[in-house]
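Spelled out from the first residue to the last, the chains are:
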Amino acid sequence: MSCEASGNPPPIFRWTKDGAEFDPGSDPELKVTEGAGSMTFYTVGGTVETLKQYQGKYVCFAGNELGTAISNEVILNTDTLPTLLKEKKVKKKADEGDSVILKCNPPASSMEPIIHWMDWRLLHIQLSERVMVGKDGNLYFAHAKKEDSRSDYTCNVQYLATRTILPKEPISLTVTASNHVVRNRRPQLMRPTGALTNYHVLRGQSLELECIVQGLPTPSISWLRKDGQLSETRTARDMFDRRLRLSNVSEIDAGEYQCTANNTQGKVIHTYVVTVEAGPYWIKEPVSQLYAPGETVRLDCQADGLPSPTISWSINGIPLSEIDKDTRHTLTDSGSLILKEVTFSDTAIYQCRAANKHGTILTNTNVYVIELPPQILSEDGQIYRFAVGQKALMDCETFGSPKPKIAWESDSEPSFLADPRVNPLASGGLQISNVTLGDEGLYTCSVLNSDLSITARLEVLNQTIILSPPQDLRVQPGKTATFTCLSLVDPKLSPPFIQWRLNGQKLFQSYAEDKYTFEGPDMMVANVQEDDEGVYTCQVITKLDMAEASGSITLVDRPDPPALLQLSDSKHRAITLSWTPGEDHKSPVEEFIVEFEDQGSKPKVWEELKRVDGSALSAALSLHPYMSYRFRVMAVNEVGKSDPSKPSEVHNTAAEVPDKNPEDVRSESLEPGTLLITWKELDKKHLNGPDFKYRVFWMRVLGSGPEWHTTNTTAPPFIVKDVGVYSSFNIKVQSVNEEGEGPEPKPVIGSSGEDVPLEAPMAVGIVPLNSTAIRVSWAGIDKDTVRGKLLGYKIHLTRLRARGHRRGRRSREPQATVTVVETGPGEEKRVVGGLRPYSHYSLTATVFNSKGEGPACEPLTFDTEEGAPGPPSSLILESLGEREMTLHWTAPTHTNGVLIGYLLQYQMMVETNDHPLMEIPVENPEATHRTVHNLHPERRYRFSLRGRTAVGDGEPLVREGSPTLDGGLPSNFSLVMGETAVNLSWTTTERHRNVRFQIAYFEKSGESKNQRRSEMVNSSQSFYQLQGLNPGSHYRLFFTHNGVEFWQKDVDTDGTAVMEVQGGFATQGWFIGLVSAIVLLLLLLLILCFIKRSKGGKYSVKDKEDGPMDSEARPMKDDTFGEYSDNEEKRTASLPSLCDDSKLCSEDNLDYNGGSAVTTELHLDESLASQYSRPSEGGGVLAETAALDPPPPAAAATNNSVPNSVAILD
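## Structural notes on the sheet that holds strand β80 (residues 918-922)
Backbone-to-backbone hydrogen bonds join strands into a sheet, with any given pair of strands oriented parallel or antiparallel.
At step 1: Taken together, four strands build an open sheet; the order of strands is β80-β79-β82-β83 and the sheet is antiparallel. Only two strands of the sheet have a single neighbouring strand rather than two, namely β80 and β83 (957-961). Mean inter-strand twist for the sheet, computed between neighbouring axes without regard to direction, equals 20°.
At step 2: Relative to β83, strand β82 (residues 941-948) is paired through five bridges, and the arrangement is antiparallel. Each residue of the ladder has a partner; that of Arg942, found in β83, is Glu960.

## Some thoughts on the sheet that holds strand β12 (residues 131-133)
At step 1: Taken in spatial order, the three strands make up an open sheet running β10-β13-β12, and their pairing is antiparallel. Where the open sheet ends on each side, the last strands, each with one partner, are β10 (100-102) and β12. Within this sheet the neighbouring strands show an average axis-to-axis angle of 20°, counted without direction.
At step 2: Inspection of the sheet shows β10 paired to strand β13 (residues 139-141) by three bridges, in the antiparallel sense. Bridge pairing in β13 places Ile101 opposite Tyr140.

## Re the environment of Phe61
At step 1: If you trace the backbone, Phe61 turns up in strand β6 (residues 56-64).
At step 2: Judged by relative accessible area, which is 9%, Phe61 ranks as buried.
At step 3: The sequence separation of Phe61 and Ile12 amounts to 49 residues, and the corresponding C-alpha distance is 8.0 Å.
At step 4: Dropping the residues within four chain positions of it, Phe61 is found in contact with Ile12, Phe13, Arg14, Thr16, Thr68, Ala69, Ile70 and Gly317.

## As for the confidence of the model for the chain
At step 1: Of all residues in the chain, 87% attain a pLDDT of 70 or more, and the chain-wide mean is 83.
At step 2: Predicted confidence in the chain is weakest over helix α7 (residues 1201-1209), with a mean pLDDT of 29, and strongest over β13, with 96.
At step 3: Here residues 1058-1063 is modelled with pLDDT under 50, and outside its nearest four sequence neighbours on either side it reaches zero contacts, counting other chains as well.
At step 4: Segment residues 1096-1210 is flagged for pLDDT under 50; beyond a separation of four residues in sequence, or across chains, it makes 78 contacts in the model.

## What about the state of the cysteines?
At step 1: Tallied over the entire structure, the rule returns six disulfides.
At step 2: Bridging Cys3 to Cys60, the disulfide has an S-S length of 2.0 Å. In this structure the cystine formed by Cys3 and Cys60 twists about its S-S bond by roughly -90°; its chirality is therefore left-handed. Of this pair, Cys3 sits in strand β1 (residues 2-4) while Cys60 is found in strand β6, placing the two residues 57 residues apart along the sequence. As far as the burial class goes, Cys3 and Cys60 line up, both buried.
At step 3: Across a sulfur-sulfur distance of 1.8 Å, Cys301 and Cys352 are joined as a disulfide pair. Judged by the torsion about the S-S bond (-85°), the Cys301/Cys352 disulfide is left-handed.

The rules behind these values
- Residues numbered from 1 in each chain as written.
- Predicted model: local features only at pLDDT ≥ 70, side-chain atom pairs only at ≥ 80, totals over all residues.
- Heavy atoms only, no water.
- Pairing = 2+ DSSP bridges.
- Helix = DSSP H or I, 4+ residues; strand = E, 2+ residues; numbered from the N terminus.
- Axes fitted to C-alpha atoms, helices over the stretch in contact; angles between N-to-C directions.
- Buried < 20%, exposed > 50% of the residue type's maximum accessible area, 1.4 Å probe, protein only.
- Contact = heavy atoms within 4.5 Å.
- pLDDT = per-residue confidence, 0-100.
- Disulfide = S-S within 2.5 Å.

Pasting the structure below:
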């Protein structure tokens, strides 16, 4: 046993056993170890029998000069290891259908055993609702079956504390098959027995109610609480619902529970009365504290339990009843201990003990009587931040004896303590409930009767609110649901963290499955399925507060198709169709659609017949005669239509006479002398019977008597010939089938075909009204000559030419135009407008009906008067200087008379629009331009030009412009490339004056695509050099004006690009070694060559080439390729003579003033390479080449060949 305690000075330990002093150090069977703040004693050895002497109740005492604390009581029990007694082998027999109990009888022990029923192979016996293990360890069969027969039912008893498993003797069970049908039996209880069982359980423990029943067929079990609702969260079912477990039992679990066992033969009920009692537990414990002499100490000690515990007090482990009576010590009825006017001698440890029949609990409380000066422990100048509506708490922790008294003050509100929201705490802190923005400010905490104080600043921020909460979404499977959670956070706070939860569980972005995606305030749930349903909560979390709102996902889908279609209540032309609705998938059915298919139609098509409300389960259907019906039904909800149901059986209706005639009976006669009768065909469902046809009737309105002509046909139209031109007839059509005739049809008026009119209008006259309009009149036509229905008259107007035009201008005249004006049949005059002034016209008139026009009358000619001209065809502004503009125009397309000149008007455009309008008359009608002087260079003008005839001024053509502000952008750029620059030039005109633009560019071949820009370029300078480019690079140039691109170009700079040296195999050790070996080998070969040459004499390249050669080594005879001469060999034999005999180094060929340099390629043979390698000759050429001055920028665009040649030599 071990006991630990802390104190200063270190505590001294002692023990009691069963209330008497116990010194473990004096017992030779025990060994004691003591450490800093601990004492332990333990047995050295012995058997269970020797340990029994130490059974009892132990209490540990730890004390120093300030008092003694005691521990709770500890009970030590000893038990012998469970063992198996020799048992007889049990053989059990049962008839099929009987209940069976195989008993386990585990050895008696204080340890709780775990029972396993197994066979000889150590495999568990298969448990089920029929076969189960009871809490007593027995194996119960609700009814036995033939296959339950076996001889190795073994009960294995497991003790976890001792890590042992005890196998019992195997039990043999033989189930005898019945010779007759096994009779079913109603349920009967096997465990517990009887109708009522009482259970007593302590608070905090677990309780299992057991209900094992027999019966055939196997009964089902249900549980309920008779005096309340059975909590699903506080209870659990086990052993195939045969056990009901209550965990962490409390007083609310006390009551009556009921188990009901049911099968087809009946039911049985068992009631369990649960009584909950409790050992003592603390309601309020006394607090250890410092006190000053003279104070009154109240130690509150409250405990509860069932039955109610008794409270007793001890001082330093000695019961209060055994101490001399002190009038300063008082016990209250509630169990509190009051110490009045404490002194230093009252410093002790006080024990409060609560006990009932179920146990005892104890707590130690330190009372320390001492005098100490006051201190404020809380930090000065702290800043407290809270959100509006929160509970603000500012600390002011003090220390001292007696306990310091403090006071709070506010710099903004002197009487703030009167606010009911403000609460000074006993700990010294200040609490403000439902804090507002007005509570901000500086607060001071002071210790009374001292100069101690601290300040605290309270900052109140706006609370976080959710502006747009998640919505309740109804989503189809496989779709994506999107929740939005827009919030408003105080700007003093950092951006919030948004946490999403599903049914309280945190959600995290799933990158692998793409299930949840978070984008700002939105969360997307992809591929919504059934397990995604639930409540989604958005939590907006800041450092101060949190706001949350919830939405939900409900999985909805199209409804399942209705099923079990049935036809009933067949009547004349009616029948009732009923169905069973399918699953609506959480979206109520709004309506049902009934469709039919006519089995006699080809092709068969499903057509809608009726719609009924979603709550209906049947529909009364109206049918047509002589049809073969099949029906199907579809359900409709907010998501869409279900699939169609399976079709119903076929239903045929009987044939009947037609009940309607065709509609829209009319004549559509087109040919003269024929009568064409047509109508709208009846739908097949209105035929009502077999052998359906149309009976057509016609009779002339006048002159043919009352006799109807009739004929039968199967389809429209029907044509009657040789009936005269445009004669009127009564016509009608009747439906007829094998059963009889339809209703009597009503006749309508029709007519035979028309022909074109015979005569032209008479007495046609013309009266001019103005330059663009005339009035035409004529006499009415004889209707007998119309030969049809008179639709009206047509006036044909032909503009032949302009008046007074000469042959020289004929090519400019447009072709003759024809205008047709239609009038009504009752009109005999019409005003025709829209004519062209100053033109020569021809006019004719005709009569027309639906067949066409009749002959035209004799042509009449007339002239229109002169009018004002139309607008000029074009007007272009050209800026010639800063104060003048030239206007170019072309004459009006329609002069409408004799053009006598133009009127030019212009006005400066200002905001007030009150600048005077200037006019310039142009007297010459052949003029095409005019220059306007004395204009403001930075103002815009509105120019208006109109033509003039003797009648007046025509329509204006208006343009706006400015002398300088409207300068055009150059476009004819020329580019000359260099290695590090591009020269740009363009032609500057007056229209390209003072326009500022910029060149943006980036290197396309580089890794960086960052744009660079030139300075602003003025279009007047006509030249610009773009510098700072890299040689041998590809650039894209963008020309922009006011941020808008107006031209671009891709360019390549000259020269060789600077290549970055990449780390590769050349820096590897193996490569360096390989190269070194090759160099050594070459040196050896060179030494051998020199030795051989010194022996064999010298020879020149020229001698070698004059000697015999291989045919493949001979130069080609082509004049342009492979040519070699002696002169070339002389010119290149010695490198130092490059500038002696050649013009390559002359001043004419080395142009330093911007001219084009001569590009020369050096061809080297082996001899030249060997001569060039001599130090005395090679260095000079390189020095000369490097000494050449770089060309000026204009020459940077040329090809500089010397460095390239040097690179070839290297």
